[in-house]
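A look at the structure
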Amino acid sequence: GRDAELMCSVLEEAGVKCIACADMRELCLSMHEGAAALLIAEEALADGAYHDLTTVLAQQPPWSEPPILLLSERGADSPVITEALQSLGNVTVLERPTRVPTLVSAVHSALRSRNRQYQIRSHISERERYAEALRAADRRKDEFLATLAHELRNPLAPLRNCLHILRATEGDNAQLHKLHG
């Protein structure tokens, strides 16, 4: 409602792009589009409305743990906040009324945390690319060695046969001994 609009205007003045969601379903859709951090009022989690959110968070890749800032009237003493702390993961609780510098600082901190997660994702992707390149190079090496072994066996077989024939030939022919020897 009005609080969401106010929060968005404050955060946009601080240089943070913000999207206000009308309900938890819309918030979950925003998560699929790549939300960097979530700022949620305690009331939005009441009556188990966060079940959709926990489902979306469970579908995140292993490197991803979106920061969640929860605005609470009663701080961590609230049963809703206690349950959220246990089930949602990367949660920071901010008591209301929250001073603007505190809110902006917490949001910037959450965004820095999310940026580090994106850096980790990049490192993981790069590492996977390198691992695939190494596997491909290993396959090419194995193919080369198999081809080389095959090609070396082919000319050696007739030579081996000739030597066997020469050894099997009887006689004291000097030429034969010279070839054999």
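Residues numbered from 1 in each chain as written. Predicted model: local features only at pLDDT ≥ 70, side-chain atom pairs only at ≥ 80, totals over all residues. Heavy atoms only, no water.

**Considerations on the overall build of the chain**
- Helix and strand content of the chain: six helices and three strands.
- Compactness check: the chain gives a C-alpha radius of gyration of 35 Å against a globular reference of 16 Å for 181 residues, more than 25% above the reference.
- Taking the principal axes of its C-alpha atoms as reference, the chain extends roughly 115 × 35 × 25 Å.
- The buried share of the chain, reckoned over its 181 residues, is 27%. (Helix = DSSP H or I, 4+ residues; strand = E, 2+ residues; numbered from the N terminus. Rg over C-alpha atoms; globule rule 2.2 N^0.38 Å. Buried < 20%, exposed > 50% of the residue type's maximum accessible area, 1.4 Å probe, protein only.)

**Some points on the packing of helix H1 (residues 2–13) against helix H5 (residues 100–168)**
- The interhelical angle for the contact between H1 and H5, taken along N-to-C directions, is 70°, at an axis separation of 10 Å. By the angle between their axes, H1 is roughly perpendicular relative to H5. Two secondary-structure elements touch here, H1 through Met 7, Val 10 and Leu 11 and H5 through Val 100, Leu 103, Val 104 and Val 107.
- Tallied by class, the residues present in the contact of H1 with H5 amount to seven nonpolar, no polar and no charged. (Axes fitted to C-alpha atoms, helices over the stretch in contact; angles between N-to-C directions. Parallel < 35°, antiparallel > 145°, perpendicular 65-115°, else oblique. Contact = heavy atoms within 4.5 Å. Nonpolar A, V, L, I, M, F, W, Y, C, P; charged D, E, K, R; others polar.)

**With respect to the pairing of strand E1 (residues 38–41)**
- Side-chain alternation along E1 places Leu 38 and Ile 40 on a buried face and Leu 39 and Ala 41 on a face that remains uncovered.
- As judged from the four bridges shared by E1 and strand E2 (residues 68–72), these two strands associate in the parallel manner. Of the residues in E2, the one forming a bridge with Ile 40 is Leu 70. (Pairing = 2+ DSSP bridges.)

**A closer look at the packing of aromatic side chains**
- Here the structure, examined in full by the defined rule, presents one aromatic pair.
- Their ring planes at 55° and their centres at 5.7 Å tell us that Trp 63 and Tyr 118 sit as a pair that is tilted. With a gap of 55 residues between them, Trp 63 in the loop between helix H3 (51–58) and E2 and Tyr 118 in helix H5 connect regions that are remote in the sequence. (Phe/Tyr/Trp six-rings, centres within 6.5 Å; stacked < 30°, edge-to-face > 60°.)

**Things to note about the sheet that holds strand E3 (residues 91–95)**
- Pairing is parallel in the open sheet, where three strands are placed in the order E1-E2-E3. Each edge of the open sheet carries a strand with a single partner, namely E1 and E3. Averaged over neighbouring strand pairs, the angle between their axes works out to 25° when direction is ignored.
- Inspection of the sheet shows E2 paired to E3 by five bridges, in the parallel sense. When the bridges of E3 are listed, Leu 70 appears paired with Val 93.

**Examining the confidence of the model for the chain**
- Averaged over every residue, the pLDDT of the chain is 85; the share at 70 or more is 91%.
- Highest mean pLDDT in the chain belongs to E3 (92); lowest belongs to helix H6 (residues 174–180) (60). (pLDDT = per-residue confidence, 0-100.)

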